[in-house]
Amino acid sequence: MPKEFEIIDYFRKNSHITGEHLIKGPGDDMAVMKVGGEELLITADTLLEGVHFDLSTATLEQVGYKAMACSLSDCAAMCSSPIGAIGCTSFPTYLTMAQIEQLHSGVQKAARKYNCPIIGGDVTSWDNPLAISITMFSVMKNGRKPVYRSGAVVGDRIMVTGKLGGSIKGRHLTFEPRIKESELIYDNSDLHSMMDISDGLAGDLRHICKESEVSAILDHALIPYSDEVSTNNDPVSNALSDGEDFELLFTVSENDSVNLLKEWPYTNVSLTVIGEIIPQVNGPEIFIKKNNEKLLFTGTGWEHLTK
């Protein structure tokens, strides 16, 4: 079991995660609270220099944009609409005010684009690398309900937006959160489960399988991979494991998958059926169908906690 699963299970068992306001706790892209009769969704993401970005290749403006975009992608994964964010940043002491303004410019770029104002936060400095954390708040609009990871059922088609793999070559700093795409998918199908792809297709699909108590089989020939990895020996392996694609991964019925493909309006963002949800036998397993063989996929996506 990946260590992330162990930690989520630990918090579920050892934290006070019940209460009259809590609807959904650990295990999804966002927590869901009942506030004043409405559903409020909350998420937090932390970016660390040397892990999520490298300042020798990324600009501070790109880092600020990515910090906001990661949390906005969580909103897309739940089909919610962002309403505000809190930012907490630990600046290295060597940064100048001009550099700090560049970081803030990137945060504000994403905030303005997705109508999500920065409503507060905290600033500290230390003799360590840059760390930035965003806490995001969102709501459900137009009668929508949050979409969880736990609703996949046997027979569902597994679908993804966009192309996967190779994001480290620059796309992880410039990606577009799929908020409008998630709204369209919600309005034109009965969404059973959804999340965004941050830790790689295989790792994140395993999250859906674990929460839904199912397994999955992917068609090797159908998995869409990006131009960045197209010349690699095994670009599908990159699509399965690289991470930080921030595309949508979701499951719907076969009929809904056909209708979505037929009516999909976006020419710049692809939509692909890549597999099927199957019964669970030995836990949340991922299989790959390749050359008429069904192979158990034993690899994982990106894992932050490997020790």
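Since we're looking at a predicted model, the values are computed, not measured.

## Describing the environment of Glu254
Line of reasoning, step 1. Along the chain, Glu254 turns up in helix 7 (residues 254-263).
Line of reasoning, step 2. Between the C-alpha atom of Glu254 and that of Gly165, which follows or precedes it by 89 residues, the distance is 26 Å.

## Observations regarding the side chain of Ser167
Line of reasoning, step 1. Relative to the helices and strands, Ser167 is located in the loop between strand 7 (157-161) and helix 4 (179-187).
Line of reasoning, step 2. A distance of 2.8 Å separates a polar side-chain atom of Ser167 from the backbone oxygen of Gly243.
Line of reasoning, step 3. A polar contact of 3.2 Å, which involves the side chain of Ser167, links it to the backbone oxygen of Glu244.
Line of reasoning, step 4. Apart from residues lying up to four places away in sequence, Ser167 is in contact with His172, Gly243, Glu244 and Asp245.

## Notes on the pattern of salt bridges
Line of reasoning, step 1. Overall, the coordinates contain 13 salt bridges when judged by the stated rule.
Line of reasoning, step 2. Measuring nitrogen to oxygen at the nearest pair gives 2.9 Å for the salt bridge that ties Glu247 to Arg178. Of this pair, Glu247 sits in the loop between helix 6 (235-241) and strand 10 (248-252) while Arg178 sits in the loop between strand 7 and helix 4, and the two are 69 residues apart along the sequence. No difference in accessibility class separates Glu247 from Arg178, as the two residues are buried.
Line of reasoning, step 3. For the salt bridge of Asp219 with Lys289, the shortest nitrogen-to-oxygen distance reads 3.9 Å. In this pair, Asp219 is assigned in strand 9 (residues 215-219) and Lys289 in strand 12 (residues 286-290), connecting sequence segments 70 residues apart.

## Here's the deal with the packing of aromatic side chains
Line of reasoning, step 1. With the rule as written, the count across this model stands at two aromatic pairs.
Line of reasoning, step 2. A centroid spacing of 5.3 Å and a plane angle of 80 degrees characterise the contact between Trp264 and Tyr266, whose relative ring orientation is edge-to-face.
Line of reasoning, step 3. When its relative accessible area of 15% is taken as the criterion, Trp264 is described as buried.
Line of reasoning, step 4. Cation over ring: Lys109 sits above Tyr65, and NZ or CZ is 5.7 Å from the ring centre.
Line of reasoning, step 5. Between Lys294 and the ring centre of Phe287, over which it is positioned, the NZ or CZ distance is 4.5 Å.

## Considering unusual backbone geometry
Line of reasoning, step 1. Phi at Asn115 is positive, roughly 50 degrees, even though this residue is not glycine.
Line of reasoning, step 2. You can see Asn115 is positioned in the loop between helix 3 (97-113) and strand 5 (118-126).
Line of reasoning, step 3. Unusually for a residue other than glycine, Asn142 sits at a positive phi of about 55 degrees.
Line of reasoning, step 4. Within the secondary structure, Asn142 sits in the loop between strand 6 (131-139) and strand 7.

## Considering the sheet that holds strand 7
Line of reasoning, step 1. If you walk across this open sheet you meet the seven strands as 8-10-7-11-9-12-13, and the pairing is mixed. Unpaired on one side and paired on the other, strand 8 (193-196) and strand 13 (293-296) mark the two borders of the sheet. With direction set aside, neighbouring strand axes in the sheet form an average angle of 25 degrees.
Line of reasoning, step 2. Two strands pair when backbone bridges link them, and strand 9 and strand 12 are joined in this way by four bridges, in the parallel orientation. Looking at strand 12, one finds that Asp219 is bridged to Lys289.

## Examining helix 3
Line of reasoning, step 1. Between its terminal C-alpha atoms helix 3 stretches 24 Å, which fits the 24 Å expected from 17 residues at 1.5 Å a residue.
Line of reasoning, step 2. Residues of helix 3 that are buried include every one of Leu103, Gly106, Val107, Ala110 and Ala111, and no others. Axial view of helix 3: buried residues confined to an arc of 140 degrees, hence all on one face. Turned more than 90 degrees from where helix 3 packs its buried face, Met97 and Arg112 sit exposed.

## Quick notes on the nonpolar core
Line of reasoning, step 1. Ranked by internal contacts, the top residues of the largest apolar core, which has 49 residues, are Met68, Met136, Ile185, Leu191, Met194 and Phe250.
Line of reasoning, step 2. Those elements giving two or more residues to this core turn out to be strand 3 (38-48), helix 2 (60-78), strand 4 (81-92), helix 3, strand 6, helix 4 and strand 10.
Line of reasoning, step 3. Ranked by residue count, the leading element in this core is helix 2, at eleven residues.
Line of reasoning, step 4. Among residues more than four places away in sequence, those in contact with Leu191 are Cys79, Val147, Ile185, Tyr186, Phe250, Thr251 and Val252.
Line of reasoning, step 5. Membership of the second largest hydrophobic core comes to 24 residues, among which are Ala152, Ile197, Ile208 and Leu249.

## Quick notes on the sheet that holds strand 4
Line of reasoning, step 1. Read across the open sheet, the six strands follow the order 1-2-3-6-4-5; overall the sheet is mixed. For this open sheet the edge positions go to strand 1 (22-24) and strand 5, each flanked by a neighbour on one side alone. Each strand axis lies, on average, 20 degrees off the axis of its neighbour in the sheet, ignoring direction.
Line of reasoning, step 2. Inspection of the sheet shows strand 2 (residues 31-35) paired to strand 3 by five bridges, in the antiparallel sense. When the bridges of strand 3 are listed, Val35 appears paired with Glu38.

Thresholds, definitions, all that
- Residues numbered from 1 in each chain as written.
- Predicted model: local features only at pLDDT ≥ 70, side-chain atom pairs only at ≥ 80, totals over all residues.
- Heavy atoms only, no water.
- Helix = DSSP H or I, 4+ residues; strand = E, 2+ residues; numbered from the N terminus.
- Polar contact = N/O pair within 3.5 Å; in protein donor to acceptor, adjacent residues only side chain to side chain.
- Contact = heavy atoms within 4.5 Å.
- Salt bridge = Lys/Arg side-chain N within 4 Å of Asp/Glu carboxyl O.
- Buried < 20%, exposed > 50% of the residue type's maximum accessible area, 1.4 Å probe, protein only.
- Phe/Tyr/Trp six-rings, centres within 6.5 Å; stacked < 30°, edge-to-face > 60°.
- Lys NZ or Arg CZ within 6 Å of the ring centre and 35° of its normal.
- Pairing = 2+ DSSP bridges.
- Axes fitted to C-alpha atoms, helices over the stretch in contact; angles between N-to-C directions.
- Expected span 1.5 Å × (residues − 1).
- Arc of directions from axis to C-beta.
- Core = buried A, V, L, I, M, F, W, Y, C linked by side-chain atoms within 4.5 Å.

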